[in-house]
Amino acid sequence: MKKLDKELDRPGWKLAHIILLVLGTAFLASGAFTPVLWFDESYTVGLMNHDFWDMCVIASYDVHPHLYYILLKLVTMVTGNSIVVMRLFSVLGGALIGLLGYTHIRRDFGARVGFWFSFFTFAMPVMFKYALQIRMYTWAALFITLTAIYAWRAAYQPERWKKNWILFAVFSLASAYTHYFGLFSVIVINLFLLAYTLKNRQHILRWLLFGSIQIVAYLPGAWVLLRQMNEGGAVWIEVKYPQVLENTLDFYFIGGYTENATDMSQWDFYSSTIVAGAVWIFFLVMLILRLRKNPKDAKPAVVALLADLGIIAVTLFVSLFREIYFVRYTMVFYGLIVFFFAYLMSGVKWKVVQVLVAAVFLAVTVRWAIPAYESNYDVSATAVEDKLGGVMQDGDVMLLNDRMGAFITVKFPDLDLYYYNPYDHNEDRAFQALAHEVHIVHDTQQVEEDLQDYTGNIWVFNQDSVFCDLVEQLPDTRQVETINIATKYYFYSYDLVLYQKG
């Protein structure tokens, strides 16, 4: 193994690793140049349309912590609110995970493990999907991977203990402040590190010190978490067995589409599921063989797998009392899964197996990248701008009764927006992100009263909306036209009915 690692450390192999990083980053970025949005992305973009303080206040009523929004806001304060730039920020998070294979994993575990780590980072369809979304998943995964790396170094590199423990605490906090599954992940990683210190009867005081620092530094985050829980939290999450376990195993190999599998054919779904099962079986067999040959040598892979299972187990246990487990959220500990694969793959000596595994991963990734390209770069991608640009004006009134209309409102943030929320899902304050002027109403009477003396354009989202009858009864109001907005991206197809009053 050491001989092979020395071979990979030769300049030629170093260059190959660098080329892999460049090609992998270019691959992730290749799908980012599109203006289309789905609701969660729209929410992020909407937050960026507010000033820094208002963004932080509104985000306090979201179901996620603040750090990603703050980092993205700092970027957009320099670049402007470009949707492409926001996507590329997520691509950067994914690319940096791949770079860890060269800068950290390679140094700690050898060149072979580092190379495979970078390869698997880019060569799983789930990364291509979430690296293109204007959300926090790649950055949460980056911070959690770094937390795990520095936890390992804190345990096994005592000569640099100050740097390792400080960075472990810093990245733990960054993970917890980026995603709540990041919070659960660092709890599990901290417990693993505690178990190591107790078993070896060393560094216990260091663990107590840096654990205390993390707790104190997270108090503001804990306050926000409690506030968001009181607001209702992620009320849409529903944990169903055994589907949730099946979806978790499939998730990384089915392009992250498990949660909306109706968007794919049965052949695509089942073939990807078979591939996922085969991959897991292959690596579990590799783990067993390595354990039988040298249990100590297999320890890093065992620790990574147990950490993954520990995070899943903790979040599923919490879901017995308050449902929080969402398959998509497992993306945040992506780096641990990648390391598990990479470490075991580094021990495979048969080139034919190496080529076959690499080919399978690449084939599945390309397979799921194709529909992403088709939807991102379809002619319908610019439907909102093409049909509404120059027609929808600042100060127009928009009546919205469907959150999916957010992809329009955030592109025209100066609308006077009325959002109809009859079910009182505790979303009122969070939805202030959708425009600069937002009125959350729980019955239509308030809207009717507000519009009596209004003069100008009124847009109603969805032709069958409860608002259409209301607007048509207003005095001196006529319907001008109905505009259909349809995109291949998440299969959005909605009508906008334009009325003119006065």
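Note that the structure is a prediction, hence the values are computed from the model and not measured.

Chemist: How should the overall build of the protein be read in this particular structure?
Modeler: On a plain count of helices and strands, the protein comes out with 22 helices and six strands. Over its C-alpha trace the protein gives a radius of gyration of 25 Å, about what one expects of a compact globule, namely 23 Å for 502 residues. In terms of its C-alpha atoms, the protein occupies a principal-axis envelope of roughly 85 × 50 × 45 Å. Going through the 502 residues of the protein one by one, you find that 56% of them count as buried. Counting contacts in the protein only where the partners sit at least 6 residues apart, residues at least 24 apart contribute 73% of the total. Of the roughly 22000 Å² of accessible surface on the protein, 64% is carried by carbon and sulfur atoms. Within the protein, the 44 negative side-chain charges are centred at a point lying 25 Å from the centre of the 38 positive side-chain charges.

Chemist: It is not clear to me how the environment of Trp139 should be interpreted in this structure. Could you clarify?
Modeler: With respect to the secondary-structure elements, Trp139 resides in helix H9 (residues 137–156). Among all residues touching Trp139, those that are not within four sequence positions of it are Tyr68, Phe89, Ser90, Leu92, Gly93, Leu96 and Thr178. Only 2.8 Å separates the side chain of Trp139 from the backbone oxygen of Phe89, close enough to count as a polar contact.

Chemist: For this particular structure, what's the right way to read the pattern of salt bridges?
Modeler: Pairs can form between side chains of opposite charge whenever their charged atoms are close. Using the criterion set out here, one finds five salt bridges in the structure. The shortest N-O distance in the salt bridge between Asp40 and Arg328 comes to 3.3 Å. Taken together, the residues span a long stretch of sequence, with Asp40 in helix H3 (residues 39–48) and Arg328 in the loop between helix H16 (299–318) and helix H17 (334–345) at a distance of 288 residues. The same class applies to Asp40 as to Arg328, namely buried. Asp108 is the salt-bridge partner of Arg153, the closest N and O atoms lying 2.7 Å from each other. Taken together, the residues span a long stretch of sequence, with Arg153 in helix H9 and Asp108 in helix H6 (residues 83–109) at a distance of 45 residues. Judged by its relative accessible area of 3%, Arg153 falls in the buried class.

Chemist: For this particular structure, what's the right way to read unusual backbone geometry?
Modeler: Excluding glycine, residues mostly carry a negative phi; peptide bonds, for their part, are mostly trans. Residue Tyr241 is joined to Pro242 through a cis peptide bond whose omega torsion reads 0 degrees. Its identity as a non-glycine residue notwithstanding, Arg201 has a phi of 55 degrees, on the positive side. For Arg201, the position within the fold is in the loop between helix H11 (180–200) and helix H12 (204–217). Backbone geometry places His203, a non-glycine residue, at a positive phi of 65 degrees. Looking at His203, the relative accessible area reads 15%, which means it is buried.

Chemist: Sorry if this is basic, but what is going on with the packing of aromatic side chains here?
Modeler: Counted according to the given criterion, the structure contains 45 aromatic pairs. The interplanar angle of 80 degrees and the centroid separation of 5.0 Å between the aromatic rings of Phe282 and Phe283 together place this pair among those described as edge-to-face. The class for Phe283 is buried, based on a relative accessible area of 0%. Here Arg106 stacks its cationic end above the ring of Tyr102, 4.8 Å away from the centre of that ring. Seen from the ring of Tyr150, Arg153 lies directly overhead, with NZ or CZ sitting 5.2 Å from the centre.

Chemist: Explanation requested: the pairing of strand S6 (residues 493–501) in the structure shown.
Modeler: Here is the key point about a regular strand: its side chains alternate between the two faces of the sheet. For strand S4 (residues 456–461) and S6, the ladder comprises six bridges, and the chain directions are antiparallel. Paired with Asn457 across the bridge in S6 is Gln500. Relative to S6, strand S5 (residues 477–486) is paired through nine bridges, and the arrangement is antiparallel. By the bridge assignment for S6, Thr477 is matched with Lys501. Following S5, the chain reverses through six residues before pairing antiparallel with S6; Tyr490 in that reversal takes a positive phi of roughly 60 degrees.

Chemist: Just checking my understanding: could you explain a nonpolar patch on the surface for this structure?
Modeler: Taken together, the side chains of Leu15, Ile18, Ile19, Val22 and Leu23 present a nonpolar region at the surface, about 460 Å² in accessible area. Structurally, Ile18 is set in helix H2 (residues 11–29). Ile18 sits in the partly exposed class, given a relative accessible area of 39%.

Chemist: Just checking my understanding: could you explain the nonpolar core for this structure?
Modeler: One broad rule of soluble globular proteins: the nonpolar side chains tend to lie buried together. Counting 150 residues, the largest nonpolar core has Phe120, Phe283, Phe340, Phe341, Phe361, Leu388 and Ile408 as the members making the most contacts within it. Here this core gets 15 residues from one element, more than from any other, and that element is H9. Apart from the residues within four sequence positions on either side, Ile408 is in contact with Val384, Leu388, Met392, Met398, Phe461, Ile485 and Leu496. Tyr454, Phe467, Cys468 and Val471 belong to the second-largest nonpolar core, a separate cluster that totals 17 residues.

The rules behind the values
- Residues numbered from 1 in each chain as written.
- Predicted model: local features only at pLDDT ≥ 70, side-chain atom pairs only at ≥ 80, totals over all residues.
- Heavy atoms only, no water.
- Helix = DSSP H or I, 4+ residues; strand = E, 2+ residues; numbered from the N terminus.
- Rg over C-alpha atoms; globule rule 2.2 N^0.38 Å.
- Buried < 20%, exposed > 50% of the residue type's maximum accessible area, 1.4 Å probe, protein only.
- Contact = heavy atoms within 4.5 Å.
- Areas by Shrake-Rupley, 256 points an atom, 1.4 Å probe, with all protein chains shown as cover.
- Lys, Arg positive; Asp, Glu negative; His and termini not counted.
- Charge placed at Lys NZ, Arg CZ, Asp CG, Glu CD.
- Polar contact = N/O pair within 3.5 Å; in protein donor to acceptor, adjacent residues only side chain to side chain.
- Salt bridge = Lys/Arg side-chain N within 4 Å of Asp/Glu carboxyl O.
- Phe/Tyr/Trp six-rings, centres within 6.5 Å; stacked < 30°, edge-to-face > 60°.
- Lys NZ or Arg CZ within 6 Å of the ring centre and 35° of its normal.
- Pairing = 2+ DSSP bridges.
- Patch = residues over 30% accessible without salt bridge, like charges linked within 9 Å, V, L, I, M, F, W, Y side chains within 5 Å.
- Core = buried A, V, L, I, M, F, W, Y, C linked by side-chain atoms within 4.5 Å.

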